[in-house]
Structures are given as C-alpha cells and as structure tokens.
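# Breakdown of the fold
Residues per chain are reported as follows:
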Amino acid sequence: MAIRLGDIAPDFTAQTTEGTINFHEWLGDSWGMLFSHPADYTPVCTTELGRTAQLKNKFAEKNVKVLAVSVDDLDSHNGWINDINETQNTSVNFPIIADSDRNVASLYDMIHPNADNTLTVRSVFIIGPDKKVKLTLTYPASTGRNFDELLRVIDSLQLTANYSVATPADWKDGEDVVVAPAIPTEDIPERFPKGHKVIKPYLRTTPQPNK
Ligand code: BEZ
C-alpha cells in the first residue's frame, strides 16, 4: 500500500555499503531522507549520488541523514561507487542499501509496474525525528532530482514543524512566511513580534521567525 504523509516510515534492517543498518535505530533523533535509484551503473543515478555526496555536509547541518536504495547487490554498489567518485569528483560518504531482494523497494512501494516491472522509480521520503513521513516525491527514471529543492523543502518542513507558519510558493530560507490560518489576526503581534502584514484576512505574512 502507498505510504502517506503522517504514516510511520516502515522500519527495516538492510545490508548497506556502510554495514547492516536498522533504519529506525540508525535514524536516532535525526531527520532522514530515503531515496531510490532505478539501478547501478546508470547515468542519471550516477550524477544524483555524486550530488548527494557533495551536499552531505549541507544535509548534516540540517540534521538530516541520507540513505540511498538501489536494487543491486553490494559488490555492484562498491564498484559503482568508484565510478561515481571518479566521474563526479567526490567521495560517496553515505550508505547505499543493497536491495537485491527488493524488500525496501516493496515496503516503500518504489516499484511502479506500469513504469517498470523490476526497477524502482525515483522516490524520496523525508522522515522526521518522530519517524513520521513528512514528504513524498516520485520522479520517473528519466528525470534526475533537483537537490537544491530537496534542501529547500527540508528548510520548510523543519520551520513549519516548530512554528505556526507555512511557506509560500518558491519560498527560500530567510524569506517572509505565511502565518498559519489557525492563528487569529489579533494574536499575531504576540506570536510573531518581528511584525506582520495583513494582505487579506486569510493571507498574513511575517518575517521568518527563526532568523
Ligand atoms: C539513469 O539513472 O540514468 C536511468 C535509469 C533507468 C532508466 C533511465 C535512466
């Protein structure tokens, strides 16, 4: 069954390029990003994993652990990592699950048979410290993901987890945010002392509260 926002992310134990991982235990109190790749030794995936390695510190600054899934075995992953490091000018520094039995792919509904019977689509699951799924994304094999967008959405998820705000279209860290509809306008000055604008009774903005 498809995984929905707010569900507890299914737990699993899997072999990875950095040893055996129990997912929930490995996450600990961190946020997590679990993301699937159709197969090893494929061009788009090679660039995506290289980009993830380059951004590892940015994910870590946001307290996010990254974990990739690909339905090939460990020997294949280890050989492929050499190619990723060489061609993407980086060093893969996060675990890749060897999901040859497709256990994780099935748990997370990453194989969409009408797209491909055996390979996964490009799924992304962002999971909070409470182990609940905060965001799901699905891209086809032919489209590489935008990692700046993944970092951006993590900023939004972490902000909205802590404050009664939402983030408007194309919002980026540091920009004004929208006050949650549940907050009455008369309560805004006390809740958001940095100031606010009432553009419409239902559209109130305020400077980002944690900046
Ligand atoms: C790729 O990662 O390049 C890829 C994988 C499967 C189908 C198409 C592209």
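For the structure, check the block above.
Since we're looking at a predicted model, the values are computed, not measured.

## Some details on the pairing of strand S3 (residues 31-37)
A large share of S3 lies buried, amounting to seven of its seven residues. The side-chain alternation of S3 yields two buried faces, one formed by Trp31, Met33, Phe35 and His37 and the other by Gly32, Leu34 and Ser36. The sheet contact formed by S3 and strand S4 (residues 64-70) spans seven bridges and is parallel. If you follow histidine 37 over to S4, its bridge partner there is serine 70. Strand direction decides the pairing type here: S3 and strand S6 (residues 122-127), joined by four bridges, are antiparallel.

## Points about the side chain of aspartate 155
With respect to the secondary-structure elements, aspartate 155 resides in helix H6 (residues 147-162). Here the side chain of aspartate 155 touches lysine 62 through a polar contact of 2.8 Å, side chain to side chain. Excluding residues that lie within four positions of it along the chain, aspartate 155 makes contacts with Lys62, Trp171 and Asp173.

## Some remarks on the packing of aromatic side chains
Summed over all chains, the structure comprises seven aromatic pairs. Between phenylalanine 12 and phenylalanine 23 the ring centres are 4.7 Å apart and the planes differ by 10°, which places this aromatic pair in the stacked class. Of this pair, phenylalanine 12 sits in the segment before strand S1 (13-16) while phenylalanine 23 is found in helix H1 (residues 23-27), placing the two residues eleven residues apart along the sequence. Phenylalanine 23 sits in the buried class, given a relative accessible area of 1%. Pairing tyrosine 108 with phenylalanine 125 gives two aromatic rings, centres 5.0 Å apart and planes at 65°, and the pair type is edge-to-face. Remark: phenylalanine 125 occurs in strand S6 and tyrosine 108 occurs in the loop between helix H5 (103-107) and S6; sequence separation between them is 17 residues. For the pair formed by tyrosine 108 and phenylalanine 125, the shared burial category is buried. Just above the ring of tryptophan 26 sits the side chain of lysine 65; from NZ or CZ to the centre is 5.2 Å.

Definitions and cut-offs
- Residues numbered from 1 in each chain as written.
- Predicted model: local features only at pLDDT ≥ 70, side-chain atom pairs only at ≥ 80, totals over all residues.
- Heavy atoms only, no water.
- Buried < 20%, exposed > 50% of the residue type's maximum accessible area, 1.4 Å probe, protein only.
- Helix = DSSP H or I, 4+ residues; strand = E, 2+ residues; numbered from the N terminus.
- Pairing = 2+ DSSP bridges.
- Polar contact = N/O pair within 3.5 Å; in protein donor to acceptor, adjacent residues only side chain to side chain.
- Contact = heavy atoms within 4.5 Å.
- Phe/Tyr/Trp six-rings, centres within 6.5 Å; stacked < 30°, edge-to-face > 60°.
- Lys NZ or Arg CZ within 6 Å of the ring centre and 35° of its normal.

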